[in-house]
Amino acid sequence: MAPKTPQWRGLAEQIAQEIAAGTAGYRPGDQLPQIRELVAQGKGSKTTILAAYKALEAEGLVSMVRGHGTKVRERPPHQIRRHQERYVWEKRLARRPDEVRRSQGVIDKDTSLDHDQIETHATFSTIPADDNLAERFGVETGTLMLHRQYWHSTSGDTTALSLIDSYLVHEVAAQNPDLLDSSKEPWPGGTHHQLSTIGIEIDRIDDGVRTRLATQAEARKLGIPVGGAVILLDKTSVSTDGDVVEYSHVVLAGERTELQYSVPLERWTQ
């Protein structure tokens, strides 16, 4: 028999559904009822309602400020990822002067936000390649990989715009020790410039796009309802030598992400 859903969890899910639906009183910036009001309505005890609100805050749906109550969090910006234009622009950026690279980035292009409104969060670790990574990179299973985990947010917010797991062959990245240091992030010019410091030029990027329902952890971090749709982007960077040099698995909130492609076609000869 499945365990009974705690009352606070049920209340939190009910409010999350109202927020997702955009119900009046549950729209971005709206003030949610005071805890005492919900107690009076029979929604539960003070402890139950407080637990529900704290769960919603942890999931990025509301913000709780002492003395100001609980508000529905403003939705993070909509992202439009024009990948053909995006990747060409990013490669060109890698050749620009340092001061230019430090003042621009692809995330600001996607969201139309100023560069200084974007915060980058990075954690690096070393892992052995599993069978899937080994096949993708053309290396032996167990080969040491640099695993870079990124997420971006707007200033002062804890809601992730995207969740990124990036992989490089550790031996290759270690040619420049700075590439192993997460404190160097955000790196001006991104991966293109990072790889250029060890003599690698990216020739093409292969994208694979899928969708599925978010896991509870993903939903919490992206600030979307549990069970909401996410876009999964598998991004593989191939060097001019034909080697896979970087692979990223990106998780994007489906409700606020748009992918746009423009594909030039060969003209028929007359």
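Cut-offs applied
- Residues numbered from 1 in each chain as written.
- Predicted model: local features only at pLDDT ≥ 70, side-chain atom pairs only at ≥ 80, totals over all residues.
- Heavy atoms only, no water.
- Helix = DSSP H or I, 4+ residues; strand = E, 2+ residues; numbered from the N terminus.
- Buried < 20%, exposed > 50% of the residue type's maximum accessible area, 1.4 Å probe, protein only.
- Contact = heavy atoms within 4.5 Å.
- Salt bridge = Lys/Arg side-chain N within 4 Å of Asp/Glu carboxyl O.
- Expected span 1.5 Å × (residues − 1).
- Arc of directions from axis to C-beta.
- Patch = residues over 30% accessible without salt bridge, like charges linked within 9 Å, V, L, I, M, F, W, Y side chains within 5 Å.
- Areas by Shrake-Rupley, 256 points an atom, 1.4 Å probe, with all protein chains shown as cover.
- Pairing = 2+ DSSP bridges.
- Axes fitted to C-alpha atoms, helices over the stretch in contact; angles between N-to-C directions.
- Parallel < 35°, antiparallel > 145°, perpendicular 65-115°, else oblique.
- Left-handed = near helix turned anticlockwise from the far one by under 90°.
- Nonpolar A, V, L, I, M, F, W, Y, C, P; charged D, E, K, R; others polar.
- Phe/Tyr/Trp six-rings, centres within 6.5 Å; stacked < 30°, edge-to-face > 60°.
- Lys NZ or Arg CZ within 6 Å of the ring centre and 35° of its normal.

A.B. asks: Where do I start with the side chain of His192 in this structure?
C.D. replies: Inspection of the secondary structure assignment puts His192 in helix α9 (residues 190–196). On the accessibility criterion, His192 (9% relative accessible area) is buried. Every residue in contact with His192, bar those within four places of it in the chain, is listed here: Tyr87, Glu90, Lys91, Ala94, Ile202 and Ile205.

A.B. asks: Can you help me understand the pattern of salt bridges in this one?
C.D. replies: Oppositely charged side chains can form a pair if their charged atoms are brought close together. All told, the structure shown has eleven salt bridges when counted by the stated rule. One salt bridge connects Asp110 with Arg81, and the closest N-O pair in it is separated by 3.8 Å. Highlighted residues: Asp110 in helix α6 (residues 106–111) and Arg81 in strand β3 (residues 79–82), separated in sequence by 29 residues. The pair Asp110 / Arg81 is uniform in exposure class, with both members buried. Measuring nitrogen to oxygen at the nearest pair gives 2.9 Å for the salt bridge that ties Glu218 to Arg212. Since its relative accessible area comes to 11%, Glu218 is described here as buried. According to the relative accessible area criterion, Arg212 is partly exposed, its value standing at 31%. In the salt-bridge network here, residues are joined through shared partners; they are Arg81, Arg86 and Asp110.

A.B. asks: Teacher, can you tell me more about unusual backbone geometry here?
C.D. replies: In this chain, Glu185 is followed by Pro186 through a cis amide linkage whose omega measures 0°. Residue placement: Pro186 occurs in the loop between α8 (170–173) and α9. Even without a glycine there, the phi angle at Ser112 is positive, about 65°. On the secondary structure map, Ser112 appears in the loop between α6 and β4 (118–128). On the basis of relative accessibility, which here comes to 67%, the residue Ser112 falls in the exposed class.

A.B. asks: What exactly am I supposed to notice about helix α1 (residues 7–21) here?
C.D. replies: Residues that lie three or four places apart on an α-helix share one face, since the helix turns once every 3.6 residues. Over its 15 residues, α1 extends 21 Å from the first C-alpha to the last, a length consistent with the 21 Å expected when each residue adds 1.5 Å. Every buried residue belonging to α1 is among Arg9, Leu11, Ala12, Ile15, Ala16 and Ile19, and all of these are buried. Across the axial projection of α1, the buried residues extend over an arc of 160°, all falling on one side. Exposed and facing more than 90 degrees away from the buried side of α1 are Gln17 and Ala21. In the core, the buried residues of α1 are packed alongside α3 (46–58), β1 (62–65), β2 (69–72) and α10 (216–222). Note on α1: the residue one or two positions beyond its end, Gly22, has a positive phi of about 70°.

A.B. asks: Would you mind showing me how to read a nonpolar patch on the surface here?
C.D. replies: Together, Val209, Tyr261, Val263 and Leu265 line one region of the surface with nonpolar side chains, adding up to about 440 Å² of accessible area. Counting through the fold element by element, Leu265 comes out in the segment after β10 (257–260).

A.B. asks: Which parts of the structure should I look at to understand the sheet that holds strand β9 (residues 244–253)?
C.D. replies: Read from one edge of the open sheet, six strands run β4-β5-β6-β9-β8-β7, paired in antiparallel fashion. Here the strands that pair on one side only, and so sit at the sheet edges, are β4 and β7 (202–213). This sheet shows a mean twist of 15° between the axes of neighbouring strands, independent of strand direction. In this sheet, strand β6 (residues 162–169) lies alongside strand β5 (residues 144–154) in antiparallel orientation, the contact comprising eight bridges. Residue pairing for β6: Gln149 is matched across the bridge by Asp165. Against the sheet, helix α4 (residues 83–93) touches β7 and β8 (229–239), its axis set at about 140° to β7.

A.B. asks: Looking at this model, I keep getting lost on the packing of α1 against α3. Mind explaining?
C.D. replies: What describes two packed helices is the angle between their axes and the distance between those same axes. Across the interface, α1 lies against α3 with an axial gap of 8 Å and an inter-helix angle of 50°. Relative to α3, α1 is oriented oblique. For the crossing formed where α1 meets α3, the hand is right-handed. Two secondary-structure elements touch here, α1 through Gln7, Trp8, Arg9, Leu11, Ala12, Ile15 and Ala16 and α3 through Thr48, Ile49, Ala51, Ala52, Tyr53, Ala55 and Leu56. Per-class residue counts for the contact of α1 with α3 are eleven nonpolar, two polar and one charged.

A.B. asks: I keep staring at the packing of aromatic side chains and nothing clicks. Help me out?
C.D. replies: Given two aromatic rings, their pairing is described by the distance between the two centres and the angle made by the two planes. Evaluated as defined, the whole model comprises two aromatic pairs. Ring centres of Phe124 and Tyr150 lie 6.0 Å apart, and the angle between their planes is 80°; on these two criteria the pair is classed as edge-to-face. Residue Phe124 is located in strand β4, and its partner Tyr150 is located in strand β5; the two are separated by 26 residues in the primary sequence. When sorted by exposure, Phe124 lands in the same class as Tyr150, which is buried. Considering the side-chain rings of Tyr167 and Tyr247, the 6.0 Å spacing of their centres and the 15° angle between planes classify their relative orientation as stacked. Taken together, the residues span a long stretch of sequence, with Tyr167 in strand β6 and Tyr247 in strand β9 at a distance of 80 residues. Assessed through its relative accessible area of 9%, Tyr247 is described here as buried. We note Lys109 situated over the ring of Trp89; from NZ or CZ to the ring centre the distance is 5.0 Å. Taking NZ or CZ as reference, Lys221 lies 3.7 Å from the ring centre of Trp151, over its face.

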